[in-house]
Amino acid sequence: MTTLPVPTSASILGPTSELDAVVERAAGLARQARAPNTLRAYESDWRDFERWCGAQGFDPIPAPPAVVGLFLAAHEHLSVATLSRRVSSIAARHRQAGHSLDTRHPAIADVLRGLRRERGSTQRRAEALTVGHLRQVVAGLGDSLGDLRDRALLLVGTAAALRRSELVALDVADIAVLPEGLRVTIRRSKTDSEGYGAVLAVGRTGRLTCPTAAYERWLAVAGIVEGAAFRGVDRHGRLGGRLSGNAVALIVQRRTAAAGLDAAAFSGHSLRSGFATSAARAGMGEFKIAAQTRHASLAVLRRYVREGRLFEENLAAEIGL
């Protein structure tokens, strides 16, 4: 989504370099309204829709709801979440071009609803990397630079309940090391598109799994004093550039596999869900948990709370089994 229907300076007051600069600035600000990953996904979705319409002899814009519904049915092999995003992408492109697309029209909404009913509403979620799992993983790590990086990344990511994008975006300047622990500043996150930011506390624990101690040691041995807090480490122990979000998922899976866990069950999201699940098991209230996880919806958070407290009471034993 790289275009913006902003009038040119010539169409308003004639060619003026000053107004041209304002127009360019307005277009740039409009592009920043969505995250880069979202823009790339929207652009890819639109190209797919455009190609499909061309092959079927339909005009992609303006597209009637019935055509969008047919597009969804033709791509039912994709997940419902992906198809829902494609509807959003198509609608966004229509708005940019000055057209409206009623995404609640039965021709669209009912197709999505039918797919959800047909497949069932249960979503596959990554396994939470709980404190118990973390202890198992950390116990197998040594003192190499890669091991120190992964120990710090896993422990800080879990303790601060970070999304993988937030974790890799952290700079050294965003993590203040204090006597009490870490003061972590999140500049921007998935649910904070306006960039208000958030400040999180990660206290010292004095245990082998202390996130603060692990982070301090990683920085000291790596010699990092500025820039990206978490970086690549090659097989020769040389530092690389900032990690990607996908690298976090790979680290989680590699380390859980080495610890004898089912790596396929874990993902980059396992750090964040691991905090929520472990916090619920420790008896924390949902509002206290939400203050750290920054969930916009308590309904989403409650999935992890329920899972964390699943065996809080042994109902089978209580009924005499």
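Residues numbered from 1 in each chain as written. Predicted model: local features only at pLDDT ≥ 70, side-chain atom pairs only at ≥ 80, totals over all residues. Heavy atoms only, no water.

(A) Representation of the pairing of strand β2 (residues 181–186) within the structure. In terms of residue burial, β2 counts as a mostly covered element, since 5 of its 6 residues are buried. Across 4 bridges, the pairing between strand β1 (residues 175–178) and β2 is antiparallel. Among the inter-strand pairings, A176 is bridged to a residue of β2, identified as R183. Between the antiparallel neighbours β1 and β2 lie 2 residues. Sheet analysis places β2 next to strand β3 (residues 198–203), joined by 6 bridges and oriented antiparallel. Each bridged residue has a counterpart across the sheet, and for G181 the counterpart in β3 is G203. (Buried < 20%, exposed > 50% of the residue type's maximum accessible area, 1.4 Å probe, protein only. Helix = DSSP H or I, 4+ residues; strand = E, 2+ residues; numbered from the N terminus. Pairing = 2+ DSSP bridges.)

(B) Representation of the confidence of the model for the protein chain within the structure. Confidence along the protein chain averages 83 in pLDDT terms, with 82% of residues attaining 70 or more. Considering each helix and strand of the protein chain separately, the mean pLDDT is smallest for helix α1 (residues 9–13), with a value of 46, and largest for helix α10 (residues 211–222), with 95. Low pLDDT (under 50) marks residues 6–14, which in the prediction has 13 contacts with non-local residues, meaning those over four places away or in another chain. (pLDDT = per-residue confidence, 0-100. Contact = heavy atoms within 4.5 Å.)

(C) View of the side chain of R231. Turning to its location among the elements, R231 is positioned in strand β4 (residues 231–233). No salt bridge is formed by the buried R231, whose closest oppositely charged neighbour, D171, lies at an N-O distance of 7.0 Å. A distance of 2.4 Å separates a polar side-chain atom of R231 from the backbone oxygen of E226. Those residues in contact with R231 that lie beyond four places of it in its chain are R149, W218, I224, E226, L239, G240, G241, R242 and L243. (Lys, Arg positive; Asp, Glu negative; His and termini not counted. Salt bridge = Lys/Arg side-chain N within 4 Å of Asp/Glu carboxyl O. Polar contact = N/O pair within 3.5 Å; in protein donor to acceptor, adjacent residues only side chain to side chain.)

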